[in-house]
Amino acid sequence: MSLDTDSAPAEETGAPGPAVARGGLTRGLARVPVLGRVTRWSRWGRLAALVGVAGPGLVAANAGNDAAGIATYASAGAQYIYGTLFFMVLVTVALVLVQEMAVRLGAFTGKGLGALIREQFSLRATALALSCLLLANTGLVVSEFAGIGAAFELLGVPKWAIIPPAALLLWALVLFGSYRYAERIFLVMSLVFFAYPIAMILGKPHWGTVGHNLVIPHLQGDKDFILLAVALIGTTVSPYMQFYAAAGVVDRGTRAEDYPLIRADAIIGAVFACVISLTIIIATASAIGGTGPLSSAADAAKALQPVAGQSAELLFAIGLIGASALAGAVVPLSASYAIGEAAGVERSVSRSFRDAPFFLSLFTAQIALGAAVALTPIDVIQLLIGTQVLQGLITPIVLVYLLILTNRRSLLGAAANGPKFRIAATIVVVGVAAMSTILLVQTVLSWFGLG
């Protein structure tokens, strides 16, 4: 796989690449100028348009603040107090770059990441990418239903009584075309995690120490820190987010003219998600920092006690239910989109089972498997963090495909990565790959008693 661009620069002709989508705006929006052109819109007009188009980037990024994400961020605060904050700043920059590349591909080609990988790479390379996505998503779907079960157990409801109906509800919402409305409901429920910024402030952290750790590198070479760092990468820059973001842009009928708003959606969603992540770490560090790894969802809920007092577990449970339900649909949909694109079959949540049998059958199978495994007696916290480690190990593989595609001028024309962006994105991919490699080496050495 070469990272070099593979055609003459499009600037010489001024024409976009051959695969660039053309046409007017969708969903009745007024014409949006291409990035860099002057627009006469008022501020309110731009805001209204952003709200109208916003979706795939915001949903994809914030789906990362799910059960596994909350457990990972809270564990970072519990174990290392503020020691992971600078690392999370780097991860935030990485997420912004990666999400922007994903939605740009969808907007300018009219195709999802799965379809583009199939068209631009060999069959073996396509199989590798999709196998990695399926492997990572299988564990993640299980973790979402485990998160739903853990949330209801905080409310006194056993997981066996809630996971099956929750799985059936999510399946029905997608299958019968009402998921777009449910998506908004889940987003609203997950906004309960806005309580974390408040809890962070009320927890009275040492702001000087927080600021120092935000701007000064604090990295450790021990296996536990590397393990958690890879988990933070996995939960923040998850492979499924890129597939979902690109496919979601295409599924909404978005075109090249929509790119400025789609780009804003992706960047705002990524920054918002990471700010919430940082507040989770700080709030947890203030409440139980230095106590070691989390042992239960109740431990994670303690960070919200400055806000809710005795109702902290209830508040945490509501947010966890919404976030897990949102990701519980987004994660299997991302794999269904990717494999459906690679197979060249119909794929859309707006289609019936008769119109898109393969797409919806794959979605159904993932929901059923995830719910079934989540019902088994497992250590929920270890499962949640473990799935993010797996995501982190697989992430650099998917990012290589994304980087190569967005570098190609034959595919994106003038919208391909520029020199500076290409360098920044390459540094991100190499950095993530290095962390994953270090963890793998440490793990293998430990098998032989050398770690």
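Look a little higher up for the structure.
What comes next is a walk through the structure. Since we're looking at a predicted model, the values are computed, not measured.

## Observations concerning the overall build of the chain
Looking only at helices and strands, the chain features 20 helices and zero strands. For the chain, with 451 residues in total, the buried portion stands at 55%. Put simply, of all contacts in the chain between residues at least 6 apart along the chain, 85% involve residues at least 24 apart. Split by element, the accessible area of the chain, about 18,100 Å² in all, is 67% carbon and sulfur.

## Here's the deal with the pattern of salt bridges
According to the stated counting rule, one finds four salt bridges in the structure shown. The closest approach of N and O atoms between Lys-111 and Glu-119, which form a salt bridge, is 2.9 Å. In this structure Lys-111 comes out as partly exposed when scored by relative accessible area, which is 29%. With its nearest N and O atoms 3.4 Å apart, the salt bridge here joins Lys-302 to Asp-299. A residue is classified by how much of its surface remains accessible, and Lys-302, at 35% relative accessible area, is partly exposed. The class for Asp-299 is buried, based on a relative accessible area of 15%. Each of the salt bridges in this network shares a partner with another, and the network as a whole consists of Lys-111, Arg-118 and Glu-119.

## Quick notes on the packing of helix H5 (residues 113-120) against helix H16 (residues 312-343)
As a packed pair, H5 and H16 sit with axes 7 Å apart at the nearest point and diverge in direction by 35°. You can see that H5 and H16 cross each other, and the crossing is right-handed. Side by side, H5 and H16 meet where Leu-113, Gly-114, Ala-115 and Arg-118 of the first sit next to Ala-338, Glu-341, Ala-342 and Ala-343 of the second. In terms of residue class, the contact of H5 with H16 is made up of five nonpolar, one polar and two charged.

## Notes on the nonpolar core
Counting residues in hydrophobic clusters, the biggest one holds 144 residues, and the most contacted among them are Phe-145, Tyr-196 and Phe-316. Looking at this core element by element, the count peaks at 18 residues for H16. Discounting chain neighbours no more than four positions away, the residues touching Tyr-196 are Ile-70, Thr-279, Ile-280, Ala-283, Ala-300, Ala-303, Leu-304 and Phe-316.

## Points about unusual backbone geometry
The phi torsion at Ile-81 lies on the positive side, around 55°, for a residue other than glycine. Tracing the chain through its elements places Ile-81 in the loop between helix H3 (67-80) and helix H4 (85-109). We note that Lys-204 has phi near 50°; this positive angle belongs to a residue other than glycine. Following the sequence through the fold, Lys-204 ends up in the loop between helix H9 (195-202) and helix H10 (207-215).

## Topic: the packing of aromatic side chains
Taken as a whole and judged by the stated rule, the model has three aromatic pairs. Against the face of Phe-421 rests Arg-104, its NZ or CZ located 5.2 Å from the ring centre. The residue whose ring lies beneath Arg-408 is Phe-121, and the NZ or CZ to ring-centre distance is 5.3 Å.

## As for a nonpolar patch on the surface
There is a patch of nonpolar side chains on the surface, built from Leu-155, Leu-314 and Ile-318 and spanning about 230 Å² of accessible area. Within the secondary structure, Leu-314 sits in helix H16.

Rules behind the numbers
- Residues numbered from 1 in each chain as written.
- Predicted model: local features only at pLDDT ≥ 70, side-chain atom pairs only at ≥ 80, totals over all residues.
- Heavy atoms only, no water.
- Helix = DSSP H or I, 4+ residues; strand = E, 2+ residues; numbered from the N terminus.
- Buried < 20%, exposed > 50% of the residue type's maximum accessible area, 1.4 Å probe, protein only.
- Contact = heavy atoms within 4.5 Å.
- Areas by Shrake-Rupley, 256 points an atom, 1.4 Å probe, with all protein chains shown as cover.
- Salt bridge = Lys/Arg side-chain N within 4 Å of Asp/Glu carboxyl O.
- Axes fitted to C-alpha atoms, helices over the stretch in contact; angles between N-to-C directions.
- Left-handed = near helix turned anticlockwise from the far one by under 90°.
- Nonpolar A, V, L, I, M, F, W, Y, C, P; charged D, E, K, R; others polar.
- Core = buried A, V, L, I, M, F, W, Y, C linked by side-chain atoms within 4.5 Å.
- Phe/Tyr/Trp six-rings, centres within 6.5 Å; stacked < 30°, edge-to-face > 60°.
- Lys NZ or Arg CZ within 6 Å of the ring centre and 35° of its normal.
- Patch = residues over 30% accessible without salt bridge, like charges linked within 9 Å, V, L, I, M, F, W, Y side chains within 5 Å.

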